[in-house]
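Structure at a glance
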Amino acid sequence: MSTPSAVPPHTSPDPTADSEDDIGEPHPVAGRLFNVNNSNNNEEEKQQKEKEQQEKEQKEKEAKEKLEKEKKEKEKAKEMFIINPAGNLYYDWLFFISIPVMYNWVVIIARASFEELQHNFIGYWVIFDFLADLIYLADIAFKTRTGYLEQGLMVKDENRIWDHYLNSFQFRLDAVSMLPTDVLYVIVGLDYPEIRLNKLLRIGRMLEFFKKTETKTNYPNIFRIGNLILYIIVITHWNACLFFSFSKYIGFGADDWVYPALDDPEQPAFGFPGRKYSFSLYWSTLTLTTIGEMPPPALDSEFLFHVVDFLMGVLVFATIVGNIATMISNMNAAQAQFQARIDNIKQYMQVRKVSKELEVRVIKWFEYLWNSGRAQDERQVLRYLPDKLKAEIAIQVHMETLKKVRIFADCEAGLLIELVLKLQPQIFSPGDYICKKGDIGREMYIIKDGRLAVVADDGVTQFVVLSSGSVFGEISILNIKGSKAGNRRTANIRSIGYSDLFCLSKDDLMESLTEYPDAKSMLEDKGRQILLKDNLIELDPANIMPETKDLEEKVNRLYSTMELMQMKLRKMLANYKDTQRALKGRISDLERLTGEEVEEEDEEEEEKKPEYKIDEEKKEEEKKEEEKTDEEKK
């Protein structure tokens, strides 16, 4: 049987004691759990706060992004439909607006002068006038969307474009041209189309179209001549209409000067509209060209009108004919300049008694230049362009040709651009030697067009024929050490027919390579590989002769170091003498103090005299040293 366990008296549990102990001193395990819970709660609160801050930051970022997007969308909305005045759309619109402008300039004066023209086609004129006014109105809206340059940048802000247009003088002309003068038809009737003369103020748009076309076209001289012919026709047309109106004011058939009577039975054709305009145009042409085979005026007003017509004809047509003459001379300016060159060379060859064979070759060479379109000097043509545009043009014209050269295949783009700008075109006639064996190589050549032959010394036997894209002479201009040929040509190359080559001189290549040392070493390595393949390089370093430039540089360095050593030795000797004199002076002072005999003053003076000379020598040596150091630094 199991007996109940007896509790010893000293270890009997006391609830009060246990409770006091629990209150006074907490249990260690419970305290640890309590601290862990507190720390966990603090970490959770921190994490929640961090999450809240991150959420707030994200919301703020999203709000900022939305605001930026809205601003960008507003700016894009403002920049929409802005037309570049240098673009094709603007040019096309100028052509479109020029049609109603020309219509008004030609038709309004004709309708005002010839009544039949106004009455017989009144329905068409109303439609055409309405369409012209609509295009004028659309032109104003078009201008409010046309940007302008400010500090080299295109202004695309709609408000600024509006302000710029409203403050311009062109807006005032446009506003006057859009006045609804057609309302006056109700008051004065349909017989007065001259009330639409305000529509002529849009002529600036047509003139702007002419200017842009003159710069865009590839045949500017032909366009200028056509433009002048148009001006002549318009001026003659206006003068014809004014003559007919003036004749109507005086009275048809009143005298021989005015337009004949409309109801003359002997000449009934003068009453037809076609004869009215053709006769007036004929009279206007004769008057403005100052031919003057017309009846003399009879009235004072007729004399005045005739004098004004003559003056206008002399001034206007003289300027027009003069401009046409200058245009025609400009069209032939290039040919005249080229012909002057040929004449000068012909005269020179005659004075110097050049052989006929060589003279014929020179003249044929010039003829080939002109017929092939290569008479212009590229550098003179492009001299007005900035360097960047020159580089872009040269890249498009010559870059593919330069890339065909093996040694330039992997070079940097900057080096290729510099070399492209220094390529010079040269044209050789049939039988010309581009280079001969043994000549010093100062240029490399790239064949653009034509064929060259590598010939023997007799000039007849051909070994190889080089065509377009071939390159020769690139190794001789690199001065590769160990080359058996050095910088001399190893073959005779002769032009079979007319050949067009690109030439790159050695000086231009070395000038470009000074800023690209890595490219220079790479080109030399490629040249050595090419010479190794052809067995034209000396592998034994003992047989490699140094270049004259290297020897000169070494000798100059030796001379400079020798001079520096001499200067330093002189300085050391001078310092030694100074210290020796100082010691002698101290010894003499000690002898005086001790009462011993001192050397005479004459000896001291003799010693002092060379001191001045030594000081002067020191100064001269120091100056020389400073000059030498400055030269070395440079």
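Residues numbered from 1 in each chain as written. Predicted model: local features only at pLDDT ≥ 70, side-chain atom pairs only at ≥ 80, totals over all residues. Heavy atoms only, no water.

**Things to note about the overall build of the chain**
Regarding its fold elements, the chain presents 21 helices and 10 strands. Evaluated residue by residue, the chain yields a buried proportion of 28% over its 634 residues. Of the contacts formed within the chain by residues at least 6 apart in sequence, a portion of 71% connects residues at least 24 apart. Carbon and sulfur atoms make up 57% of the accessible area of the chain, which amounts to about 43500 Å² in all. (Helix = DSSP H or I, 4+ residues; strand = E, 2+ residues; numbered from the N terminus. Buried < 20%, exposed > 50% of the residue type's maximum accessible area, 1.4 Å probe, protein only. Contact = heavy atoms within 4.5 Å. Areas by Shrake-Rupley, 256 points an atom, 1.4 Å probe, with all protein chains shown as cover.)

**Some details on the packing of aromatic side chains**
All told, the structure shown has 36 aromatic pairs when counted by the stated rule. Taking the centre distance of 5.0 Å and the plane angle of 15 degrees together, the rings of Trp93 and Phe142 count as stacked. One end of the pair, Trp93, is in helix H3 (residues 88-113); the other, Phe142, is in helix H5 (residues 122-143), with 49 residues separating them in the sequence. Three or more aromatic residues link up through ring pairs in this structure, and these residues are Phe114, Phe244, Phe252, Tyr259, Phe270, Tyr277 and Phe279. (Phe/Tyr/Trp six-rings, centres within 6.5 Å; stacked < 30°, edge-to-face > 60°.)

**Concerning the confidence of the model for the chain**
Model confidence for the chain is summarised by a mean pLDDT of 80, while 82% of its residues fall at 70 or above. Here residues 1-34 is modelled with pLDDT under 50, and outside its nearest four sequence neighbours on either side it reaches 2 contacts, counting other chains as well. When the criterion is pLDDT under 50, residues 601-612 qualifies, and its contacts beyond four places in sequence or with other chains add up to 5 contacts. (pLDDT = per-residue confidence, 0-100.)

**Details of the pairing of strand S9 (residues 492-495)**
Where strand S4 (residues 433-435) meets S9, 2 bridges bridge the pair, whose relative direction is antiparallel. In the strand pairing of S9, Cys435 is matched with Ile493. Looking at chain direction, strand S6 (residues 452-455) and S9 are connected through 4 bridges and run antiparallel. The residue bridging Val454 from the neighbouring strand is Ile493, located in S9. (Pairing = 2+ DSSP bridges.)

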